[in-house]
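This is what each chain is made of:
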Amino acid sequence: MDTINARTLPQLGLAIRRLRKRRHLSQADLAQRAGVSRQWVITVEQGRTHGLEVGHVMRVLDELDASLTVRDDLDPDAAR
């Protein structure tokens, strides 16, 4: 299992693009499978926020057999 860290929208877009290409999917194929527009996939892959909806991101990741993980990066000792 490969982990791709994405702390910014451009990094998330890059991760989606990498996964899509690994699966040999075009932007149009991914968009159709996830129920979003090709333009939406392009926008996300470019790291732009216009039209970004979490539900869409989750559907795209599901079609790529990927998941979103939220990790607490705060050092537990720093909070004390």
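This is a predicted model, so every value here is computed, not measured. (Residues numbered from 1 in each chain as written. Predicted model: local features only at pLDDT ≥ 70, side-chain atom pairs only at ≥ 80, totals over all residues. Heavy atoms only, no water.)

Focus: the overall build of the protein
- Helices and strands together make up the secondary structure of the protein, namely four helices and zero strands.
- Listing each helix as α and each strand as β along the protein from the N terminus yields α-α-α-α.
- When its C-alpha atoms are laid out on the principal axes, the protein stretches across 50 × 30 × 20 Å.
- Burial status across the protein gives 30% buried among its 80 residues.
- The contacts in the protein between residues at least 6 apart in sequence include a share of 49% that link residues at least 24 apart.
- Each charge class in the protein was averaged separately, 13 positive and 11 negative side chains, and the resulting centres sit 8 Å apart. (Helix = DSSP H or I, 4+ residues; strand = E, 2+ residues; numbered from the N terminus. Buried < 20%, exposed > 50% of the residue type's maximum accessible area, 1.4 Å probe, protein only. Contact = heavy atoms within 4.5 Å. Lys, Arg positive; Asp, Glu negative; His and termini not counted. Charge placed at Lys NZ, Arg CZ, Asp CG, Glu CD.)

Thoughts on the packing of helix α2 (residues 27-34) against helix α4 (residues 54-63)
- Interhelical geometry of α2 versus α4 gives an angle of 110° and a closest axis separation of 9 Å. One element, α2, and the other, α4, form an angle in the roughly perpendicular class. For α2 against α4, the interelement crossing comes out right-handed. Taking contact as the criterion, the partners of L30, R33 and A34 in α2 are, on α4, R59, V60 and E63.
- Along the lines of polarity and charge, the residues of the contact of α2 with α4 split into three nonpolar, no polar and three charged. (Axes fitted to C-alpha atoms, helices over the stretch in contact; angles between N-to-C directions. Parallel < 35°, antiparallel > 145°, perpendicular 65-115°, else oblique. Left-handed = near helix turned anticlockwise from the far one by under 90°. Nonpolar A, V, L, I, M, F, W, Y, C, P; charged D, E, K, R; others polar.)

A closer look at unusual backbone geometry
- Its identity as a non-glycine residue notwithstanding, H24 has a phi of 60°, on the positive side.
- Its place among the elements puts H24 in the loop between α1 (9-22) and α2.
- For D65, which is not glycine, the phi dihedral falls at a positive 55°.
- Considering the arrangement of structural elements, one finds D65 in the segment after α4.

Thoughts on the layout of surface pockets
- As a volume, the largest pocket reaches approximately 700 Å³.
- If you tally residues by element for the lining of the largest pocket, the top one is α1, at five residues.
- Here the lining of the largest pocket is built from residues that sort into 11 nonpolar, five polar and seven charged. (1 Å grid on protein atoms, 1.4 Å probe; cavity = no way out; pocket = protein on both sides within 12 Å on 5 of 7 lines; lining within 4 Å. Points joined across faces, edges and corners; volume = space filled by probe spheres on them.)

Read these as spatial facts, not as claims about activity.
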